[in-house]
Amino acid sequence: RALDTLKKSDLIAAEDTRHTAILLNRYDVKKRLISFHSYNAARRKDQIIKFLKEGRNIALVSDAGTPGISDPGFVLIKGAIDHELPVRVIPGPTALISALVISGKPTNKFIFEGFLSNKSSKRRKRLDFLKDEERTIILYESCHRIGKFLKDVLEVMGDRDIALARELTKKFEEVRRGKTSEILGHFTEVKPRGEFVVII
């Protein structure tokens, strides 16, 4: 269904056109590509909405996971809905659900917070708000901030049992489970790479 949608599209809006071009070339899909990412979403949204109003079919593709989950796809989807334009979703992988399932933490009730602030004071304030949460908490964090993030978790929430997952379903998939202090210690010795899903 995803390939059929791409082949029938008049235009493909991609988070990174280079990544998407590799996919399209592999399946011999010859379509015009335009970039749609966090740095140009506000400007591009109006252009794409105009195309949709003209009756064109446009596919939205993200680099990984599901468009609209912690990426600017939400802006475009909301814009299309606001203009009463039809939107369809092609179910696909999303890191938060895969990480939750493989974490070993309770899956019956959970909340997704996405990326917390990159400013420690705001991040700590949000962690303080979440520390008494009874549901499993799912968060995203980058390799550049994971050390500072884990330190804040340790100081604000205590030495909790957590799980960290990265590169899920890819060649370098890794899942670490343990106390926050243990995992923080690991990443002081080993350089973190990739995007992380943190399960608390």
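In the block above lies the structure referred to throughout.
These lines cover the structure that appears in this document, whether it is placed above or below. The numbering scheme is per chain: residues are counted from 1 as the chain's sequence reads. Given that the model is predicted, a residue must reach a pLDDT of at least 70 before its local features are reported, and side-chain atom pairs must reach 80 or more before they are shown or counted; all residues, however, enter totals for whole chains, interfaces and linings. With hydrogens and water excluded, all non-hydrogen atoms of the structure serve as input to the side-chain values.

With respect to the sheet that holds strand S1 (residues 11–14)
Okay, so step 1: Should DSSP find at least two bridges between two strands, the strands are taken to pair. Helix and strand assignments follow DSSP, with helices taken as H or I runs no shorter than four residues and strands as E runs no shorter than two, numbered in order from the N terminus. Spatially, S2-S1-S3 is the arrangement adopted by the three strands of the open sheet, whose pairing is parallel. In this open sheet, the two strands that pair with only one neighbour each are strand S2 (32–35) and strand S3 (58–61). Taken pair by pair, the neighbouring strands of this sheet meet at an average axis angle of 25 degrees, ignoring direction.
Okay, so step 2: Sheet analysis places S1 next to S2, joined by four bridges and oriented parallel. The residue of S2 that forms the bridge with Leu11 is Arg32.
Okay, so step 3: Here helix H2 (residues 17–26) sits on the sheet in contact with S1, S2 and S3, set at roughly 155 degrees to S2. Helix axes are fitted to C-alpha atoms over the stretch in contact, other axes to C-alpha atoms as well, and angles between N-to-C directions run from 0 to 180 degrees. Here a residue-residue contact requires only that any non-hydrogen atoms of the pair lie within 4.5 Å.

Overview of the sheet that holds strand S4 (residues 110–115)
Okay, so step 1: Taking strand neighbours across the sheet as the criterion, the five strands line up as S4-S5-S8-S6-S7 in an open arrangement whose pairing is mixed. Pairing within the sheet leaves two strands with one partner each, and these edge strands are S4 and strand S7 (174–179). Strand after strand, the sheet turns through a mean of 20 degrees between neighbouring axes, direction not considered.
Okay, so step 2: As defined by bridge partners, strand S5 (residues 136–142) adjoins strand S8 (residues 195–199) across five bridges and the pair is classed as antiparallel.

Considering the pairing of S4
Okay, so step 1: Note that S4 and S5 share five bridges and pair parallel. Its bridge partner lying in S5, Phe112 is registered against Ile138.
Okay, so step 2: Seen with the strands pointing away from the viewer, any crossover whose path from the first strand over the helix to the second strand runs clockwise is right-handed. Once you follow S4 into helix H6 (residues 120–130) and on to S5, the crossover reads as right-handed.

Concerning the nonpolar core
Okay, so step 1: We define the nonpolar core as a collection of buried residues of types Ala, Val, Leu, Ile, Met, Phe, Trp, Tyr and Cys that are connected through side-chain atoms lying within 4.5 Å of one another. The buried label goes to any residue with under 20% of its type's maximum accessible area, the exposed label to any with over 50%, and the partly exposed label to all in between, with areas taken from a 1.4 Å probe on protein chains only. Residues Phe149, Leu150, Met157, Leu164 and Ile200 are the most contacted members of the largest nonpolar core, which totals 21 residues.
Okay, so step 2: For this core, the secondary-structure elements that each account for two or more residues are H6, S5, helix H7 (146–157), strand S6 (161–166), helix H8 (180–189) and S8.
Okay, so step 3: Ignoring anything within four residues of it in the chain, the contact list for Met157 reads Leu127, Leu130, Lys131, Ile137, Asp152 and Ile200.
Okay, so step 4: Counting 12 residues, the second-largest nonpolar core is a separate cluster that includes Leu11, Ile49, Ala80 and Leu85.

Some words on the pattern of salt bridges
Close approach of charged atoms lets side chains of opposite charge pair.
Okay, so step 1: A carboxyl oxygen of Asp or Glu within 4 Å of a side-chain nitrogen of Lys or Arg is what we treat as a salt bridge. Counted by the stated rule, this structure contains 17 salt bridges.
Okay, so step 2: Here Asp152 and Arg124 are joined by a salt bridge, their closest N and O atoms 3.0 Å apart. Residue Asp152 is located in helix H7, and its partner Arg124 is located in helix H6; the two are separated by 28 residues in the primary sequence.
Okay, so step 3: Judged by its relative accessible area of 5%, Asp152 falls in the buried class.

Comments concerning the pairing of S5
Okay, so step 1: With seven of seven residues buried, S5 lies mostly within the body of the structure.
Okay, so step 2: Every second residue of S5 is oriented toward a common face, with Thr136, Ile138, Tyr140 and Ser142 on one face and Ile137, Leu139 and Glu141 on the other, all of them buried.

Here's the deal with H7
Okay, so step 1: Over its 12 residues, H7 extends 16 Å from the first C-alpha to the last, a length consistent with the 16 Å expected when each residue adds 1.5 Å.
Okay, so step 2: Here H7 has its buried residues at Ile146, Phe149, Leu150, Asp152, Val153, Val156 and Met157. All buried residues of H7 fall inside an arc of 160 degrees around its axis, so they share one side.
Okay, so step 3: Those residues of H7 that are buried are in contact with H6, S5, S6, H8 and S8. Each helix should span, by expectation, one fewer than its residue count multiplied by 1.5 Å. To be clear, the arc concerns the directions from the helix axis to the C-beta atoms.

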